[in-house]
Number of protein chains: 2
Amino acid sequence: MGSEEEKLELLGMWASPFVQRVKWVLKLKGIEYTYTEEDLTNKSQRLLNLNPIHKMVPVLIHNGKPILESWVIIEYIEETWKHNPLFPVDDPYQIAMARFWGQFLEEKLTEGIRRVLMSEGEKKEKEVKQVIESFDVLEGELNGKKYFGGDKVGIVDIVLGSILVCVDVVEEIASVKMFDSQKHSSLGCWRKTFAELPGVEGDSPSKDDLVAYALHRIT
Amino acid sequence: MGSEEEKLELLGMWASPFVQRVKWVLKLKGIEYTYTEEDLTNKSQRLLNLNPIHKMVPVLIHNGKPILESWVIIEYIEETWKHNPLFPVDDPYQIAMARFWGQFLEEKLTEGIRRVLMSEGEKKEKEVKQVIESFDVLEGELNGKKYFGGDKVGIVDIVLGSILVCVDVVEEIASVKMFDSQKHSSLGCWRKTFAELPGVEGDSPSKDDLVAYALHRIT
């Protein structure tokens, strides 16, 4: 296999929070890779071949083999490159907790803001309320800790960081307020700390670009 | 800690496919545990304390610590008791594939049949079609293999087995046909093999009981 064994490529799209979190994971772990931007309005044959079922990014290609779905990709990276761990180490209970919170973020926030965007009137108000309640839960869980896992950045921080970028965008497009750094003061502090991390700082698209992109896609 | 270290309890509800898969995992791995049935129409204070966020079963309690969400519980069991593995061993790529298919089953089948149940008319027809297409994908993936992972039963089989029980119930309640063991002949054979496994055979509720329960809950 030789140099083939070192081949790592990420197929992504600049505005995708699912791609963003994989990029951060690779950066924070210090793993070298090549990045290929995919045009989701005109998907490449390569993407369709690599991910025939979902036809979506991110796709991580390691030694020619495609790994799909952001959470699955992140667990794969963690198991393959064990340095700079982003999951708790040798502690099945704490690993389970990280997975639990990862699932919580996806079900309550990723799905929640999608529903806010798709609904109107009373239904929309209800969805906004549910997202806010999820932030209340996260505020209670963080409870003044530096990161969700404690003193070191971990996978829950990275996933939440990627989703919060979208929360900002949905707030602007849907003219609602969900994340309140006054009310959610632990989360407010956490967000500042996370954004300043080397590997995170400067490595995310601007809100204006994302709003323009989202408006273009949904209209 | 002494005997405390051996304490393993599952809080469940007989009709839940999420509980069923955890039961099968424990049985197939040969792990002893105590089972406590929860009345979801009158949730115990204990359940509310152990799972204050989702207030749902299954909850696995290991040495007093609650583990939540069926997939998270199953990964925890696998990492804690390594004998009779149900995930591929020492092969991050194959582990990623198992996780990918687990997520596929949940998104396409669990969510798909829920949507079939909640919709009417053309929308319902569209949802039924999507579930059938997901069975087509699974048929292609199984492609004559004994189990999804090969010769040995694994986690994808267990999760699919738990969902198929619900497919039967939704087919009856919604008067639709989704799983066709003639058209999906690999899946048809697989289902027979899986149902006859010691540890699976005889350990699931009857379709009639489930239909009666479901009709009682949704009407």
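Residues numbered from 1 in each chain as written. Chains lettered and ligands numbered in written order. Predicted model: local features only at pLDDT ≥ 70, side-chain atom pairs only at ≥ 80, totals over all residues. Heavy atoms only, no water.

Visitor: Just give me the short version of the UniProt feature "domain: GST N-terminal" (unreviewed entry) in chain A, but keep the residues and values in it.
Guide: Under the UniProt annotation, "domain: GST N-terminal" (unreviewed entry) lies at residues 6-85 of chain A. For the annotated span residues 6-85 of chain A, helix accounts for 38% and strand for 21% of the residues, and the straight-line distance between the end C-alpha atoms is 20 Å. (UniProt positions renumbered as here; feature names shortened; annotations may be inferred. Helix = DSSP H or I, 4+ residues; strand = E, 2+ residues; numbered from the N terminus.)

Visitor: Help me get a handle on the packing of aromatic side chains, residues and values and all.
Guide: Within a pair of aromatic rings, the relevant descriptors are the distance that separates the centres and the angle that separates the planes. For the structure shown, the criterion picks out 16 aromatic pairs over all chains. Taken together, the ring pairs connect A:W24, A:F148, A:W190 and A:F194 into an aromatic cluster. The ring of B:Y35 has B:K23 sitting right over it, with the charged end atom 4.3 Å from the ring centre. (Phe/Tyr/Trp six-rings, centres within 6.5 Å; stacked < 30°, edge-to-face > 60°. Lys NZ or Arg CZ within 6 Å of the ring centre and 35° of its normal.)

Visitor: Provide a residue-level description of the sheet that holds strand 2 (residues 34-37) of chain A, including the pertinent values.
Guide: The strands that make up a sheet are held in pairs by hydrogen bonds between backbone atoms, and each pair lies either parallel or antiparallel. Residue and element names in this part refer to chain A. Taken in spatial order, the four strands of this open sheet run 2-1-3-4, and their pairing is mixed. The sheet terminates laterally at strand 2 and strand 4 (65-68), the two strands that pair on one side only. Shown here is a sheet whose adjacent strand axes are inclined to one another by a mean of 25°, direction ignored. As paired strands, strand 1 (residues 8-12) and strand 2 are joined by four bridges and run parallel to one another. Within strand 2, the position partnered with E9 by the bridge is T34. (Pairing = 2+ DSSP bridges. Axes fitted to C-alpha atoms, helices over the stretch in contact; angles between N-to-C directions.)

Visitor: Go over the domain arrangement of chain A, please, and point to the residues and values.
Guide: Residues and elements named next belong to chain A. In terms of domains, chain A is made up of domain 1 (2-80) and domain 2 (92-218). Between the C-alpha centres of domain 1 and domain 2 the distance comes to 22 Å. When domain 1 packs against domain 2, the two sides together hide about 1800 Å² of surface, and 72% of this comes from carbon and sulfur. Counting across the interface, domain 1 meets domain 2 through two salt bridges. Measuring nitrogen to oxygen at the nearest pair gives 2.7 Å for the salt bridge that ties R99 to E75. (Domains from an automatic or database assignment. Buried area = accessible area lost by both parts, 1.4 Å probe. Salt bridge = Lys/Arg side-chain N within 4 Å of Asp/Glu carboxyl O.)

Visitor: Now, about the relation of the copies chain A and chain B: what can you tell me, with residues and values included?
Guide: A rotation about some axis, followed by a shift along it, carries one copy of the chain onto the other. Under the fitted operation, chain A is carried onto chain B by 0.0 Å of movement along the axis and a turn of 180°, and the coordinates agree to an RMSD of 0.0 Å. Such values leave the two copies arranged in the relation of a two-fold axis. Comparing contact sets, 100% of the residues at the interface of chain A also lie at the interface in chain B, consistent with an isologous, same-surface contact. (Least-squares fit on C-alpha atoms with pLDDT ≥ 70 in both. Contact = heavy atoms within 4.5 Å.)

Visitor: Account for the pairing of strand 3 (residues 59-62) of chain A, naming residues and giving values.
Guide: Residue and element names in this part refer to chain A. Here strand 3 shows a buried face lined by V59 and I61 and a second buried face lined by L60 and H62. Of the strand pairs in this sheet, strand 1 and strand 3 are connected by four bridges, and their pairing is antiparallel. Residue L11 lies in a different strand from strand 3, and its bridge partner there is V59. Here strand 3 runs beside strand 4; their pairing, made up of four bridges, is antiparallel. If you follow I61 over to strand 4, its bridge partner there is P66. Count of turn residues in the strand 3/strand 4 antiparallel hairpin: two residues, of which N63 carries a positive phi of about 50°. (Buried < 20%, exposed > 50% of the residue type's maximum accessible area, 1.4 Å probe, protein only.)

Visitor: Go over the packing of helix 6 (residues 155-174) of chain A against helix 7 (residues 185-195) of chain A, please, and point to the residues and values.
Guide: Residues and elements named next belong to chain A. Orientation of helix 6 relative to helix 7, taken along the N-to-C sense of each, is 105°, at an axis distance of 11 Å. If you check the angle between helix 6 and helix 7, you find them roughly perpendicular. Packed against helix 6, whose contacting residues are D157, I158, L160, G161, L164, V165 and D168, the element helix 7 presents L187, W190, R191 and F194 at the interface. Taken together, the residues of the contact of helix 6 with helix 7 sort by class into seven nonpolar, one polar and three charged. (Parallel < 35°, antiparallel > 145°, perpendicular 65-115°, else oblique. Nonpolar A, V, L, I, M, F, W, Y, C, P; charged D, E, K, R; others polar.)

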